[in-house]
Amino acid sequence: MTAAGAVVPRRRRDRRRRLRWWRLPLRYLLLLAVLALTIGPFLWQLSTSLKGPGEDIYRYPPSLIPQHATLANYAGVAEIIPVWDFALNSLKVATANVVTNCVGAALAGYALARMRFRGRKAALVVFIMAMLVPVESIMIAQFVTMRELQLNNTLLGVVLPGCIGAMNVLLMRNAFAGLPYEVEEAAFVDGANAWQRFVRIALPSVKGTLAVVAIFSFMGAWDDFLWPLIVLSDQSKFTLTIGLNFLHGTFADNQRLVAAGTVIAVVPLIVLFACLQRYFFRGVGEGAVKG
């Protein structure tokens, strides 16, 4: 190639670079916009919960840094409602939901992915169809079932309908389906039964997906409002989401207390995700290897 011929492609590359210079700033602008939409409301609530009674929380432009930061709003929430008792009830429900979903979804997912039995494909279709049914459309049937079982107004009645989610079963099924068969075949030759292959080989290989199931189950149970509101009638058994509703009804004019209660409800979710984020992002890839 001559020197003149080499200059032409170089000029083209330089021209392309000049034409694409705006792409990187545009990416950062889009990321900042998404960050503002997702993190902005929480930061505003956190700022409001720390502001004193003399500060204007509706000023424009809004100020995220409190002038006189105080924790009195959090103490005020505890004085109005038994927030820690409600949080303990939510923790019981969320923990039970995590355990039942991790265990049940792992067992069902392994059976759908690795075992051969009559009706396996039909069972998979049933789980997929269960995801398409709106939860609100079956709540009356769920409530009647809980009443017949005499589980209404109990925390067990809150946990039971969501103890195993169809989405979690499909996530675990895809994670197990993505594992190589050769490892389990070698264990089968060595005399390992299905339970030993599940516990010792398959389950340790999908820890990431288990973390995804745990996070989704905890968030779903912790944030659930409608179903506990229907089932529970005794205030001593209320979950945190129902208890915080009293702040809106009785003290609707004090948004500082509402913001403080919101922050109290969000902090456990942030802590859980911070502890499991390493496994979470790995688990998303595990569940998407094979459909």
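Reference entry: report on the structure contained in this document.

What counts, and at which threshold
Residues numbered from 1 in each chain as written. Predicted model: local features only at pLDDT ≥ 70, side-chain atom pairs only at ≥ 80, totals over all residues. Heavy atoms only, no water. Patch = residues over 30% accessible without salt bridge, like charges linked within 9 Å, V, L, I, M, F, W, Y side chains within 5 Å. Areas by Shrake-Rupley, 256 points an atom, 1.4 Å probe, with all protein chains shown as cover. Salt bridge = Lys/Arg side-chain N within 4 Å of Asp/Glu carboxyl O. Helix = DSSP H or I, 4+ residues; strand = E, 2+ residues; numbered from the N terminus. Contact = heavy atoms within 4.5 Å. Core = buried A, V, L, I, M, F, W, Y, C linked by side-chain atoms within 4.5 Å. Buried < 20%, exposed > 50% of the residue type's maximum accessible area, 1.4 Å probe, protein only. Axes fitted to C-alpha atoms, helices over the stretch in contact; angles between N-to-C directions. Left-handed = near helix turned anticlockwise from the far one by under 90°. Nonpolar A, V, L, I, M, F, W, Y, C, P; charged D, E, K, R; others polar.

## Description of a nonpolar patch on the surface
Stage number 1. Residues Leu29, Leu32, Leu35, Ile39, Leu43, Leu64 and Ile65 make up a contiguous nonpolar surface patch of roughly 680 Å² in combined accessible area.
Stage number 2. Among the structural elements, Ile39 can be located in helix α2 (residues 23-49).

## What to know about the environment of Gln67
Stage number 1. Inspection of the secondary structure puts Gln67 in the loop between α2 and α3 (72-80).
Stage number 2. Ignoring anything within four residues of it in the chain, the contact list for Gln67 reads Glu55 and Arg59.

## Details of the nonpolar core
Stage number 1. In this structure, Val77, Ile81, Met172, Phe176, Trp222 and Leu240 are the most contacted members of the largest nonpolar core, which totals 50 residues.
Stage number 2. Among the elements that line this core, the one with the most residues is helix α4 (residues 83-114), at 12 residues.
Stage number 3. Setting aside residues up to four positions removed in sequence, Phe176 forms contacts with Ala106, Gly109, Tyr110, Ala113, Arg114, Phe198, Ala202, Leu203 and Val206.

## With respect to unusual backbone geometry
Stage number 1. If you check the backbone angles, Gln150 has positive phi at about 60 degrees while not being a glycine.
Stage number 2. Overall, Gln150 belongs to the exposed group, its relative accessible area being 69%.

## Focus on the packing of α4 against helix α11 (residues 207-223)
Stage number 1. Taken N-terminus to C-terminus, the directions of α4 and α11 make an angle of 145 degrees; their axes are 8 Å apart at the nearest point. Two packed elements cross with a definite hand, and for α4 against α11 that hand is right-handed. Where α4 approaches α11, its residues Ala87, Ser90, Leu91, Val93, Ala94, Asn97, Val98, Asn101, Cys102 and Ala106 are matched on the opposing element by Leu210, Val213, Ala214, Ser217, Phe218, Ala221 and Trp222.
Stage number 2. Per-class residue counts for the contact of α4 with α11 are 13 nonpolar, 4 polar and no charged.

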